[in-house]
Amino acid sequence: MASPAAPARVAIPDDKDMLRAAVELTRDISTARPAIYWTDMLVSAAVGYTALAATILADRPAIAVPCGVIAALALYRAMLFIHELTHIHRDALPGFRTAWNVLVGIPLLTPSLMYEGVHQLHHARTRYGTADDPEYLPLALMKPWSLPLFLVTAILLPPALLVRSAVLVPLGAVIPPLRKLVWERLSSLSINPGFRRRPPEGAAKRMVFWQELGASVWAITLVAASFTYGWRPLLIAMGVVSVAAVLNQLRTLVAHLWENEGEAMTVTAQYLDSVNVPPPGPVPALWAPVGLRYHALHHLLPSMPYHSLAEAHRRLSAHLGTDGTYVKANHPGLFALVGKIARSTMRVG
């Protein structure tokens with residue numbers, strides 16, 4: 001039986017009209033546009049690294065702090081292209097995956113292997129919201145202390161990634177049980193502590209090898225350079241990345257309503273358990289960039305490129321009106337969503 005704190009979402013039937021409209025009204029905007037992807041990713045990375053360098057070199061907090069904020073926001077945006085990499089067809093943007101890993105994924109110690117092959121499970125029809133979903137926990141039905149703990153753990157992500165790539169992965173190359181543990185438990189950007197990742201197969205093995213090698217070489221270089229020249233630059237950089245990680249964790253916290261207790265759900269139920277934060281207001285584009293302010297719509301159309309989601313939302317809103325299922329996934333903003341989930345945990349607690 002579902003908790004009294006949550007609606008029985010598993011019993012929600014599919015809204016066939018909405019699902020059909022989502023496909024039929026957006027066919028002409030479903031192709032990824034390389035110019036947008038490349039420009040957005042490269043500019044975000046360039047701004048992020050430039051601002052990070054300014055943060056490290058600044059000798060006054062009045063300069064360092066705003067530069068650090070800019071660096072965190074820009075690198076956060078650049079990093080979130082890892083989400084697009086899991087959904088776009090491998091032939092859609094030639095060279096983009098490699099370029100992103102070289103410029104963003106490996107320098108931030110989050111190569112795309114940590115999301116590819118994992119995030120797709122979150123979108124699997126029979127896995128979403130179940131114990132087999134690596135990206136789902138019934139957070140709204142947990143104890144009140146679980147939410148602050150969920151956010152605070154993100155602060156530890158940068159040092160954890162550094163230890164993983166500089167120490168654990170190299171040791172795992174010669175200690176098979178450690179290699180198995182690192183792959184199963186420490187090689188995915190997931191929030192479900194019960195998730196165990198399966199070994200890579202086929203072409204994925206080669207991708208994993210080169211990405212792990214690149215991340216380990218980079219991590220060891222960072223540690224060696226810090227021992228030689230001082231730890232200040234690395235600590236500042238890790239602080240900036242921690243800000244981005246907390247922001248991403250906050251976005252994750254409000255990406256869904258987290259009200260499912262483990263049962264398989266219809267596509268419509270999954271949609272209603274997810275969140276859109278549509279315009280007006282530009283602020284959501286900062287904390288949910290690269291189209292993630294339309295997260296519920298993304299669950300209807302997972303392969304829709306991020307630059308088309310705003311137009312897809314406009315079309316569906318106009319076609320389906322204000323009384324149907326579609327508008328029920330729209331929410332006013334970050335603080336309202338955090339408050340909703342927090343109140344739900346209070347009732348459970």
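That block above? That's the structure.
This one's a predicted model, so the numbers in the text were calculated from it and none came from an experiment.

Novice: Would you explain the overall build of the protein chain in this entry?
Specialist: If you tally the helices and strands in the protein chain, you get 16 helices and 0 strands. Judged by the C-alpha coordinates and their principal axes, the protein chain covers about 65 × 45 × 40 Å. Across the 349 residues of the protein chain, 48% fall into the buried class. Within the protein chain, contacts between residues at least 6 apart in sequence are counted, and of these 75% link residues at least 24 apart. Surface exposure of the protein chain reaches about 16600 Å², of which carbon and sulfur atoms provide 68%. With 30 positive and 22 negative side-chain charges, the protein chain shows a separation of 5 Å between the mean positions of the two kinds.

Novice: Where do I start with the pattern of salt bridges in this structure?
Specialist: Note that side chains of opposite charge can pair when their charged atoms are close. As enumerated under the stated definition, the model contains 9 salt bridges in all. In this structure, Arg-315 engages Asp-28 in a salt bridge whose closest nitrogen and oxygen atoms are separated by 2.6 Å. Of this pair, Arg-315 sits in helix 15 (residues 309-320) while Asp-28 sits in the loop between helix 1 (16-24) and helix 2 (34-57), and the two are 287 residues apart along the sequence. Here Arg-77 and Asp-40 are joined by a salt bridge, their closest N and O atoms 2.8 Å apart. Taken together, the residues span a long stretch of sequence, with Arg-77 in helix 3 (residues 61-79) and Asp-40 in helix 2 at a distance of 37 residues. For Asp-40, a relative accessible area of 14% puts it in the buried group. It is possible to trace a salt-bridge network through shared partners that takes in Asp-28, Glu-311, Arg-314 and Arg-315.

Novice: Would you mind showing me how to read the nonpolar core here?
Specialist: Across soluble globular proteins, you tend to see nonpolar side chains buried next to one another. Tyr-37, Met-41, Phe-81, Phe-96, Trp-100 and Val-104 are the most contacted members of the largest nonpolar core, which has 31 residues in total. Take this core: its biggest share by element is 4 residues, from helix 5 (residues 96-105). When neighbours within four sequence positions are excluded, Trp-100 is seen to be in contact with Met-41, Ala-78, Met-79, Phe-81, Ile-82, Leu-85, Gly-105, Thr-110, Pro-111 and Ser-112. Of all hydrophobic cores here, the second largest spans 17 residues; its members include Ala-296, Leu-297, Tyr-326 and Ala-329.

Novice: What exactly am I supposed to notice about unusual backbone geometry here?
Specialist: Outside of glycine, negative phi angles account for most residues, and trans bonds account for most peptide bonds. For the peptide bond that leads from Pro-279 to Pro-280, omega is 10 degrees, which places it in the cis range. The residue Pro-280 is located in the loop between helix 12 (267-272) and helix 13 (284-287) in this model. One non-glycine residue, Leu-109, adopts positive backbone phi at about 60 degrees. Mapped onto the elements of the fold, Leu-109 is located in the loop between helix 5 and helix 6 (119-123).

Novice: Could you clarify how one ought to interpret helix 5 in this entry?
Specialist: An α-helical turn contains 3.6 residues, so a residue and the one three or four places further along point in the same direction. Across the 10 residues of helix 5, 7 count as buried, placing the element largely inside the fold. Regarding helix 5, the residues found buried are Phe-96, Arg-97, Ala-99, Trp-100, Asn-101, Val-104 and Gly-105. Considering only its buried residues, helix 5 is in contact with helix 2, helix 3, helix 4 (81-85) and helix 10 (203-229).

Procedures and definitions
Residues numbered from 1 in each chain as written. Predicted model: local features only at pLDDT ≥ 70, side-chain atom pairs only at ≥ 80, totals over all residues. Heavy atoms only, no water. Helix = DSSP H or I, 4+ residues; strand = E, 2+ residues; numbered from the N terminus. Buried < 20%, exposed > 50% of the residue type's maximum accessible area, 1.4 Å probe, protein only. Contact = heavy atoms within 4.5 Å. Areas by Shrake-Rupley, 256 points an atom, 1.4 Å probe, with all protein chains shown as cover. Lys, Arg positive; Asp, Glu negative; His and termini not counted. Charge placed at Lys NZ, Arg CZ, Asp CG, Glu CD. Salt bridge = Lys/Arg side-chain N within 4 Å of Asp/Glu carboxyl O. Core = buried A, V, L, I, M, F, W, Y, C linked by side-chain atoms within 4.5 Å.

Shape descriptors only; they carry no functional weight alone.
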